[in-house]
Amino acid sequence: MNDSSSYTPPSIWSWTKENGGRFANINRPTAGPTHAKELPVGRHPLQLYSLGTPNGVKVTVMLEELLALGHAGAEYDAWLIRINDGDQFGSGFVSINPNSKIPALMDRSEPTPVRVFESGAILLYLAEKFGAFLPVNINARAECLSWLFWQMGSAPFLGGGFGHFYAYAPTKIEYAIDRYAMEAKRQLDVLDRRLAESPYLAGDDYTIADIAVWPWYGTLAKGQLYGSGEFLQVQEYTNVLRWTDQIAARPAVQRGRKVNRTWGQPSTQLHERHDAIDFDTKTQDKLAGPR
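So, here's what we can say about the structure. (Residues numbered from 1 in each chain as written. Predicted model: local features only at pLDDT ≥ 70, side-chain atom pairs only at ≥ 80, totals over all residues. Heavy atoms only, no water.)

## Some details on helix α6 (residues 208-221)
- In this model α6 runs 19 Å from its N-terminal to its C-terminal C-alpha over 14 residues, within 8% of the 20 Å that 1.5 Å per residue would give.
- Along α6, the sharpest change in direction is near 55° and occurs at W214; proline P215 comes one to four residues later.
- Counting buried positions along α6 yields 14 of 14 residues, so the element is predominantly enclosed.
- Trailing α6 by a residue or two, G223 shows a phi angle of about 75°, which is positive. (Helix = DSSP H or I, 4+ residues; strand = E, 2+ residues; numbered from the N terminus. Expected span 1.5 Å × (residues − 1). Bend = angle between axes of the 7 residues up to and from the residue. Buried < 20%, exposed > 50% of the residue type's maximum accessible area, 1.4 Å probe, protein only.)

Right, here's the structure in full:
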């Protein structure tokens, strides 16, 4: 690995498998499946294939919020996709998401099953399907969608930019860390200023904009993302902290953040979710039994 003072890009780039840091074993410059593997299908209308990363949490929180509102059609099976093992490159997964990223959703309640990929698209699809968490008023709807797409455009700079170079890259590159730390703090300031004006991102009501932004920036503001709380001085963003605590207190959010989670305290991990009772019986602490 060369640093910025000694590396000169070649005329033609070539792939070196060892490059890429922590995720080098699953990164590659081509798309498509690497192996044949069909996906399991449960009994509910919605089949989710995911992992409890911030992008995955968006969708499980949305589904739990819909169920909390009484939308029985939002019942779902959540199947675990272990991205470090390359599950996302199986033929069944690629048939739903050709980009091989979690989350991916199949809606089998329609005459012809509907595939939806990209977390923002899934949130919008579910909001429109069930008529929830998306304002009807044209001004509020525009505000909601603006913040939803802000998240989709901004988070790659936080995760693939700051997170990668601060936490995962095999060498610490000062320029890269400074560049993306500046951008991460700018994004927090954008949110903090907006949340000084209104309780939620789209206004007075909780919407898919909040559901999309919270798993990334709420976690960041609490110092729980990349171990970077002190480095970024996240305690400065008091309006973001007020907002993230308010959302974290919602029972549906507390359930949704456990689904497909494979790290942290065993009581916070529900590797797969196939029924509401699974939260009481199948988290990892329950499956381990008494000690």
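## Comments concerning the packing of helix α1 (residues 54-68) against α6
- Here α1 crosses α6 at 140°, and the two axes come no closer than 8 Å. Regarding the angle of α1 to α6, the classification is oblique. Relative to α6, α1 is oriented so that their crossing is right-handed. Here P54, N55, V57, K58, V61 and M62 of α1 come into contact with α6, specifically with I208, I211, A212, W214, P215 and W216. (Axes fitted to C-alpha atoms, helices over the stretch in contact; angles between N-to-C directions. Parallel < 35°, antiparallel > 145°, perpendicular 65-115°, else oblique. Left-handed = near helix turned anticlockwise from the far one by under 90°. Contact = heavy atoms within 4.5 Å.)

## Notes on the pattern of salt bridges
- A full pass over the atoms with the stated rule returns 16 salt bridges.
- A salt bridge links R273 to E64; the nearest nitrogen and oxygen atoms lie 3.3 Å apart. In this pair, R273 sits in the loop between α9 (251-256) and α10 (278-281) while E64 sits in helix α1, placing the two residues 209 residues apart along the sequence. Pair check on accessibility: R273 and E64 agree, each one buried.
- Of the charged contacts in the structure, one is a salt bridge between E75 and R273, with a shortest N-O distance of 2.7 Å. In this pair, E75 sits in the loop between α1 and β2 (76-80) while R273 sits in the loop between α9 and α10, placing the two residues 198 residues apart along the sequence.
- For R273, a relative accessible area of 1% corresponds to the buried category. (Salt bridge = Lys/Arg side-chain N within 4 Å of Asp/Glu carboxyl O.)

## A closer look at a nonpolar patch on the surface
- On the surface, Y7, W13 and W15 cluster together to form a nonpolar patch covering roughly 390 Å² of accessible area.
- Its location among the elements puts W15 in the segment before β1 (46-50).
- For W15, a relative accessible area of 40% corresponds to the partly exposed category. (Patch = residues over 30% accessible without salt bridge, like charges linked within 9 Å, V, L, I, M, F, W, Y side chains within 5 Å. Areas by Shrake-Rupley, 256 points an atom, 1.4 Å probe, with all protein chains shown as cover.)

## Some remarks on the sheet that holds strand β4 (residues 114-117)
- Within the open sheet, the 4 strands sit side by side as β2-β1-β3-β4. Their pairing is mixed. A strand with exactly one partner marks an edge of an open sheet, and here the two such strands are β2 and β4. For this sheet, the mean angle separating the axes of adjacent strands, direction not counted, is 20°.
- Pairing geometry for β1 and β2, over 5 bridges, is parallel. Each residue of the ladder has a partner; that of L48, found in β2, is A78.
- The strands touched by α1 within the sheet are β1 and β2, with β1 carrying the most contacts at an inclination of about 155°.
- Helix-sheet contacts for helix α3 (residues 119-130) involve β1, β3 (104-107) and β4, and the interaxial angle to β4 is about 135°. (Pairing = 2+ DSSP bridges.)

## Quick look at the nonpolar core
- Formed by 63 residues in total, the largest nonpolar core has its most connected members in M62, L126, I208, Y217 and W243.
- At the level of elements, β1, α1, β2, α3, α4 (138-168), α5 (174-195), α6 and α8 (238-248) are the ones that each hand at least two residues to this core.
- With 10 residues, the single largest contributor to this core is α6.
- Not counting residues within four places of it along the chain, the set of residues in contact with L126 comprises L46, M62, L63, L66, L105 and G131.
- Counting 11 residues, the second largest nonpolar core, distinct from the first, contains L51, W79, I96 and A104. (Core = buried A, V, L, I, M, F, W, Y, C linked by side-chain atoms within 4.5 Å.)

## Things to note about the packing of aromatic side chains
- Under the definition given, this model contains 10 aromatic pairs.
- A centroid spacing of 5.0 Å and a plane angle of 15° characterise the contact between F162 and Y166, whose relative ring orientation is stacked. One end of the pair, F162, and the other, Y166, are both in helix α4, 4 residues apart, so they sit about a helical turn from each other.
- Site record: aromatic cluster; members linked through ring pairs are F162, Y166, Y168, Y226 and F231.
- Here R28 stacks its cationic end above the ring of F89, 4.5 Å away from the centre of that ring. (Phe/Tyr/Trp six-rings, centres within 6.5 Å; stacked < 30°, edge-to-face > 60°. Lys NZ or Arg CZ within 6 Å of the ring centre and 35° of its normal.)

## Focus on the side chain of K58
- Topologically, K58 is positioned in helix α1.
- No salt bridge is formed by the buried K58. Its closest oppositely charged neighbour is E118, at 7.2 Å.
- Among all residues touching K58, those that are not within four sequence positions of it are S119, L123, Q151, M152, I211, A212, P215 and W216. (Lys, Arg positive; Asp, Glu negative; His and termini not counted.)

## A look at the environment of W150
- Secondary-structure assignment places W150 in helix α4.
- On a C-alpha basis, the gap between W150 and A167 in space is 24 Å, while along the polypeptide they are 17 residues apart.
- Contacts of W150, omitting those with residues within four sequence positions, involve Q187, V190, L191, V213 and Y217.

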